[in-house]
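Residue-level structure breakdown
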Amino acid sequence: MKAAGGWGPAEVVELRDLTPTVRELVLRFPLAPEPVGVAAGVAAVVPPGSHVKLRVALTAREDERCYSVVDAGADGAITIAVKHLPTGRGGSRFMWSLRPGDVLQASLPGNAFELGRGAPHCLLLAGGIGVTPLVAMARALVQRGASLRMVYAARSKDELAYRSELAALLGERLQLRCGDQGQRIDIEGEIAALPPAAELYVCGPLTMLEAARSAWAAQGRHPSRLRFETFGSSGHHAAQAFTVHLPRLGRDIAVPADVSLLDALNAAGVQVLSECRRGECGLCALDVIASHGEIDHRDVFFSAAQKAGNTRLCTCVSRVAGGSIAVEPAWRGDPDLGQVERLARPA
């Protein structure tokens, strides 16, 4: 299912803290009398793996964030969960500031993480807040009577969102791993134990996705049976400020630690096309001319070999760990915009 387009108001009707850092929000779209518009799309069946885009208000501008749908009802209600990231770019802080009765703009649900049918067995691997789309998948698989197993890892037991619900739903088919107890997911072992035509669904931090992709390929499994989704923000290094050089345009632009390279370029008038903003589609990728510092590739679009070559990067999520980078944008330059650089400064 792809989003049919369109934005509309969504009201916050309920809040629930699942863990010290994860809050559940129930959003309701006003139901329309005719099957048109955003409300009608939400009232329809929303398949597992779906997400909604929400417009969030930052200090100096408005931006968009994607959130996986945990549950959806025919009454126009959609449930999401948001992890609070104090050092993030401001989206989670805005979402955590919402109260029942607040209204924000939301898109129709879209789905780039679809749950297949007919596999002899499904393995669901969740890391941290990556559990959110897999809750809906687990529920759907149980309703189908499908064979499945879920392995869910978090930093500590009190950060296992939906632990009770999943335990009641899956019983012994759920395995939990707590980092503070020295527990990790044996990704290679889990994949090796799967039947030949099994499917793997992964959502978690970048290191988990990379490990799953590597093990899946090393064991010769078919690429189409591995499906994954990323946070779009996790990387190998903490976010740091850096400078991007545009030699052809003769410009240098500062990228603060809490601003993406994509947003810094667009705010400075150097327009870059983008779509997913999660490092999945590759539309925002630019050629790298030179780099001084380690490029922190946070996307899942490029292969490991392409990332190692450091010739292109996805500007929506990837960064430089200290130093600077020179890139070649498609934008040819505009003398009216070339006089002023409007740097984004979100909370």
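Computed from a predicted model, the values in this text were never measured in an experiment. (Residues numbered from 1 in each chain as written. Predicted model: local features only at pLDDT ≥ 70, side-chain atom pairs only at ≥ 80, totals over all residues. Heavy atoms only, no water.)

1. Examining helix H6 (residues 206–218)
- With 13 residues, H6 extends 18 Å from end C-alpha to end C-alpha; this agrees with the ideal 18 Å at 1.5 Å per step.
- Looking at H6, one finds that the buried residues are Leu 206, Met 208, Leu 209, Ala 212, Ala 215 and Trp 216.
- Packing partners of the buried residues in H6 comprise strand S9 (122–127), helix H5 (187–192), strand S12 (199–204), strand S13 (226–230) and helix H8 (304–309).
- Positive phi shows up at Gly 220, right after H6, with a value of about 70 degrees. (Helix = DSSP H or I, 4+ residues; strand = E, 2+ residues; numbered from the N terminus. Expected span 1.5 Å × (residues − 1). Buried < 20%, exposed > 50% of the residue type's maximum accessible area, 1.4 Å probe, protein only. Contact = heavy atoms within 4.5 Å.)

2. Looking at the sheet that holds strand S10 (residues 148–154)
- Here we have five strands laid out as an open sheet, ordered S11-S10-S9-S12-S13, and parallel in their pairing. The sheet is open, and its two borders are formed by strand S11 (174–178) and S13, each paired with just one other strand. Between one strand and the next, the sheet's axes are offset by a mean angle of 10 degrees, whatever the strand orientation.
- Examined bridge by bridge, S10 and S11 share five bridges and lie parallel to one another. Of the residues in S11, the one forming a bridge with Tyr 152 is Leu 176.
- Across the face of the sheet, helix H3 (residues 131–144) comes into contact with S9, S10, S12 and S13 while running at roughly 155 degrees to S9. (Pairing = 2+ DSSP bridges. Axes fitted to C-alpha atoms, helices over the stretch in contact; angles between N-to-C directions.)

3. Quick look at the environment of Tyr 67
- As for its position among the elements, Tyr 67 is in strand S4 (residues 62–68).
- Classification of Tyr 67 as buried rests on a relative accessible area of 10%.
- In the structure, Tyr 67 is positioned 14 residues away from Ala 81 in sequence and 7.4 Å away in space, judged by C-alpha atoms.
- If near-sequence neighbours (up to four positions away) are discounted, Tyr 67 is found in contact with His 51, Val 52, Leu 54, Ile 80, Ala 81, Val 82, Gly 91, Ser 92 and Met 95.

4. Observations regarding the pattern of salt bridges
- Tallied over the entire structure, the rule returns 13 salt bridges.
- The residue Glu 24 makes a salt bridge to Arg 16 at a minimum N-O spacing of 3.1 Å.
- For Glu 24, a relative accessible area of 8% translates into the label buried.
- Looking at Arg 16, the relative accessible area reads 34%, which means it is partly exposed.
- Note that Asp 17 and Arg 23 form a salt bridge whose closest N and O atoms lie 2.7 Å from each other. (Salt bridge = Lys/Arg side-chain N within 4 Å of Asp/Glu carboxyl O.)

5. Regarding the environment of Ala 72
- If you trace the backbone, Ala 72 turns up in strand S5 (residues 71–72).
- Ala 72 gets classed as partly exposed once you look at its relative accessible area, which sits at 31%.
- Residues Ala 72 and Pro 48, 24 residues apart in the sequence, show an inter-C-alpha distance of 9.4 Å.

6. A few points about the packing of H3 against helix H4 (residues 163–170)
- Packing of H3 against H4 brings their axes to within 11 Å, and their N-to-C directions diverge by 20 degrees. In terms of orientation, H3 and H4 fall into the roughly parallel class. Crossing handedness for the pair H3 and H4: left-handed. Contact residues: Val 131, Val 135, Ala 138, Arg 139 and Val 142 in H3; Leu 166, Leu 169 and Leu 170 in H4.
- In the contact of H3 with H4, the residues fall into seven nonpolar, no polar and one charged. (Parallel < 35°, antiparallel > 145°, perpendicular 65-115°, else oblique. Left-handed = near helix turned anticlockwise from the far one by under 90°. Nonpolar A, V, L, I, M, F, W, Y, C, P; charged D, E, K, R; others polar.)

7. Side note on the packing of aromatic side chains
- For the structure shown, the criterion picks out two aromatic pairs.
- Their ring planes at 75 degrees and their centres at 5.0 Å tell us that Phe 301 and Phe 302 sit as a pair that is edge-to-face.
- A cation sits over an aromatic face here: Arg 55 above Trp 7, 3.9 Å from the ring centre. (Phe/Tyr/Trp six-rings, centres within 6.5 Å; stacked < 30°, edge-to-face > 60°. Lys NZ or Arg CZ within 6 Å of the ring centre and 35° of its normal.)

8. Concerning the sheet that holds strand S18 (residues 319–328)
- Spatial strand order, S15-S14-S18-S16-S17: five strands in an open sheet with mixed pairing. Whereas interior strands pair on both sides, the edge strands pair on one side only; in this sheet they are strand S15 (251–255) and strand S17 (312–314). Each strand of the sheet is rotated relative to its neighbour by a mean of 40 degrees, with strand direction disregarded.
- Summarising the sheet, strand S16 (residues 285–296) and S17 pair through three bridges and their orientation is antiparallel. Its bridge partner being in S17, Leu 286 is matched across the sheet by Leu 313.

9. Notes on the environment of His 84
- Relative to the assigned elements, His 84 resides in the loop between strand S6 (77–83) and helix H2 (91–97).
- Between the alpha carbons of His 84 and Trp 96 there is a distance of 7.0 Å; along the sequence they are 12 residues apart.
- If near-sequence neighbours (up to four positions away) are discounted, His 84 is found in contact with Thr 21, Ser 92, Arg 93 and Trp 96.

10. As for the side chain of Thr 19
- Among the structural elements, Thr 19 can be located in the loop between strand S1 (7–17) and strand S2 (22–28).
- Separated by 2.8 Å, the side chains of Thr 19 and Glu 159 make a polar contact.
- Beyond its immediate chain neighbours, meaning those up to four positions away, Thr 19 contacts Asp 158, Glu 159, Leu 160 and Ala 161. (Polar contact = N/O pair within 3.5 Å; in protein donor to acceptor, adjacent residues only side chain to side chain.)

11. Observations concerning the confidence of the model for the protein
- Looking at the protein, the pLDDT average stands at 86 and 87% of residues meet or exceed 70.
- Looking over the protein, one finds the lowest element-wise mean pLDDT in helix H1 (residues 37–43), namely 46, and the highest in H4, namely 98.
- Predicted confidence is poor over residues 31–43, with pLDDT under 50, and the contacts of this stretch with residues over four places away or in other chains come to 26 contacts.
- In the predicted structure, residues 335–347 sits below a pLDDT of 50 and forms 36 contacts with residues beyond four places in sequence or in another chain. (pLDDT = per-residue confidence, 0-100.)

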